Amino acid sequence: MPEPSAVPAHPEPTSPWVIDTRDLGRRAGNSRRYTRGAPAPAGGLGFAGVIMVPEGADVALDVLLESVVEGVLVSGTASAPTVGECSRCLDELSGRVEVELRELYAYPESTTEASTDEDEVHRVVDDLVDLEPIVRDAVVLALPQAPLCSPDCPGLCPDCGGKLAELEPGHRHERIDPRWAALRERFGDTEEES
């Protein structure tokens, strides 16, 4: 007996991430533009502690929905503010990320829906499309994994932790070979004064 197919999660119709496609119709060639803001979901979008769109931040959506034979093609942009820290000097960062979106949402009982696995294509569920998953994927791929405050950020001193950009030129710490450290500790500094 075959396994019953997984039913896609039902989008919440009142969510700002969800668009009702009924006014678009299922006639290929129909299109409609949507411009709206949606709050970043719980946990934000991105890499926590590195760089991300913080939870609740306004994500600006500018998308065109086009009715095609197999479903609804969504294309456009999403942009949002980002916060994080420089991976070298740990200074706080803020900026903005903008991503391009282009995704097909398959109609139920379409050839695309029938011939693809559940996780290969998004689905139109009860005439609704949920933009949050495609925006999340695009933002995560667009954010740097090691953000920098500037491309030439020198980072921190490995000995004292000071910001190298703020320390005097030639900043360094005297390093004693650990094999000689015990002798220096016992006999003190034996350098002759000139």
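Residues numbered from 1 in each chain as written. Predicted model: local features only at pLDDT ≥ 70, side-chain atom pairs only at ≥ 80, totals over all residues. Heavy atoms only, no water.

Colleague: If you had to explain the environment of Val72 to someone new, which residues and values would you point to?
Modeller: Tracing the chain through its elements places Val72 in strand E6 (residues 71-85). For Val72, a relative accessible area of 0% corresponds to the buried category. Along the chain, Val72 and Arg26 lie 46 residues apart, while their C-alpha atoms are 8.4 Å from each other. Those residues in contact with Val72, other than ones at most four positions away along the chain, are Thr21, Leu24, Leu65, Glu66, Glu103, Leu104, Tyr105, Tyr107 and Val124. (Helix = DSSP H or I, 4+ residues; strand = E, 2+ residues; numbered from the N terminus. Buried < 20%, exposed > 50% of the residue type's maximum accessible area, 1.4 Å probe, protein only. Contact = heavy atoms within 4.5 Å.)

Colleague: Would you mind going over the environment of Gly29 in detail, with residue names and values included?
Modeller: Residue position: Gly29 is located in the loop between strand E1 (18-20) and strand E2 (31-39). On the accessibility criterion, Gly29 (64% relative accessible area) is exposed. Measuring from C-alpha to C-alpha, the distance between Gly29 and Ser67 comes to 5.6 Å, with 38 residues separating the pair along the chain.

Colleague: How would you sum up the nonpolar core? Please name residues and give values.
Modeller: Formed by 31 residues in total, the largest nonpolar core has its most connected members in Val53, Val59, Leu65, Leu131 and Val135. Counting residues per element, the ones that place at least two in this core are E2, strand E4 (51-53), strand E5 (58-68), E6, strand E7 (92-106) and helix H2 (132-142). Discounting residues that sit within four places of it in the chain, Val59 has contacts with Trp17, Arg36, Gly37, Ala38, Ala40, Leu45, Val53, Ala78, Ser79, Ala80 and Val135. (Core = buried A, V, L, I, M, F, W, Y, C linked by side-chain atoms within 4.5 Å.)

Colleague: Tell me about the side chain of Arg123, and name the residues and values.
Modeller: When you line up the elements, Arg123 lands in strand E8 (residues 122-123). What makes Arg123 buried here is its relative accessible area of 9%. A polar side-chain atom of Arg123 sits 2.8 Å from the main-chain carbonyl oxygen of Val121. (Polar contact = N/O pair within 3.5 Å; in protein donor to acceptor, adjacent residues only side chain to side chain.)

Colleague: Tell me about the environment of Ser67, residues and numbers included.
Modeller: When you line up the elements, Ser67 lands in strand E5. The exposure class of Ser67 is buried, given its relative accessible area of 2%. For Ser67, the contacting residues outside a window of four places in its chain are Leu24, Gly25, Arg26, Arg27, Ala28, Gly29, Asn30 and Tyr107.

The values are spatial; any link to function lies outside them.
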